[in-house]
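Inside the fold
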Amino acid sequence: ADGMAAARELTAAPDRFAGIMLDLTTPTLAGAEVLREIRALRPAARVLIMSGFSEADVLHRLRGLGKVILLNKPFTLATMLAKVGEALAR
């Protein structure tokens, strides 16, 4: 539902998730902050970040938070599935 809910879900069961799909701009807790929480719990987590911002801007915002796969908005189902596959293959 929002960034706080995502952080709570991950904190409650960090090993339940094979990968994490996260929007960069989420209500209540920004995507970068959620990613910071994710990295604290699971440093090697596979993370796909969705954003309408440029790739350079996203990577700048997430600097120091580990490798992520970027899914630029808007996207097609085929593009999303390819990026999910890329994230899970890491």
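Residues numbered from 1 in each chain as written. Predicted model: local features only at pLDDT ≥ 70, side-chain atom pairs only at ≥ 80, totals over all residues. Heavy atoms only, no water.

1. Some words on the pairing of strand β3 (residues 69–72)
Formally: One bridge is not enough; two strands pair if DSSP finds at least two bridges between them. The numbering of helices and of strands both runs from the N terminus, where a helix is a DSSP run of H or I of at least 4 residues and a strand a run of E of at least 2. Whether a crossover is right-handed depends on one test, that the path from the first strand over the helix to the second runs clockwise when the strands point away from the viewer.
The pairing of strand β2 (residues 47–51) with β3 spans four bridges and is parallel. If you follow Ser51 over to β3, its bridge partner there is Asn72. With helix α3 (residues 55–61) bridging β2 and its parallel neighbour β3, the resulting β-α-β unit is right-handed.

2. Concerning the layout of surface pockets
Applied cut-off: In this analysis the probe radius is 1.4 Å and the grid spacing 1 Å, with only protein atoms considered; a cavity is a set of points the probe fits into but cannot get out of, a pocket is an open set with protein on both sides within 12 Å along at least five of seven lines, and lining residues have an atom within 4 Å of a point. Grid points are joined across faces, edges and corners, and a volume is the space filled by probe spheres set on the points. The classification used treats Ala, Val, Leu, Ile, Met, Phe, Trp, Tyr, Cys and Pro as nonpolar, Asp, Glu, Lys and Arg as charged, and all other residues, Gly among them, as polar.
A volume near 210 Å³ is recorded for the largest pocket. Along the walls of the largest pocket sit 15 residues, with Ala6, Glu9, Ile20, Met21 and Leu22 positioned nearest its centre. With five residues, helix α1 (residues 3–12) is the single largest residue contributor to the lining of the largest pocket. Partitioning the lining of the largest pocket into residue classes produces ten nonpolar, three polar and two charged.

3. As for the packing of α1 against helix α2 (residues 31–41)
Working note: a packed helix pair is described by the angle between its axes plus the distance between those axes. The test is simple: The axes used here are C-alpha line fits, helices contributing only the stretch in contact, and every angle between their N-to-C directions lies in the interval 0 to 180 degrees. In this scheme, roughly parallel covers angles under 35 degrees and roughly antiparallel covers those over 145, while 65 to 115 is roughly perpendicular and the rest are oblique. Residues are treated as being in contact if the distance between any of their heavy atoms lies within 4.5 Å.
For the pair α1 and α2, the least separation of the axes is 9 Å and the interaxial angle reads 5°. In terms of orientation, α1 and α2 fall into the roughly parallel class. From α1, Gly3, Ala6, Ala7, Leu10 and Thr11 reach across to α2, where they touch Val34, Glu37, Ile38 and Leu41. By residue class, the composition of the contact of α1 with α2 is six nonpolar, two polar and one charged.

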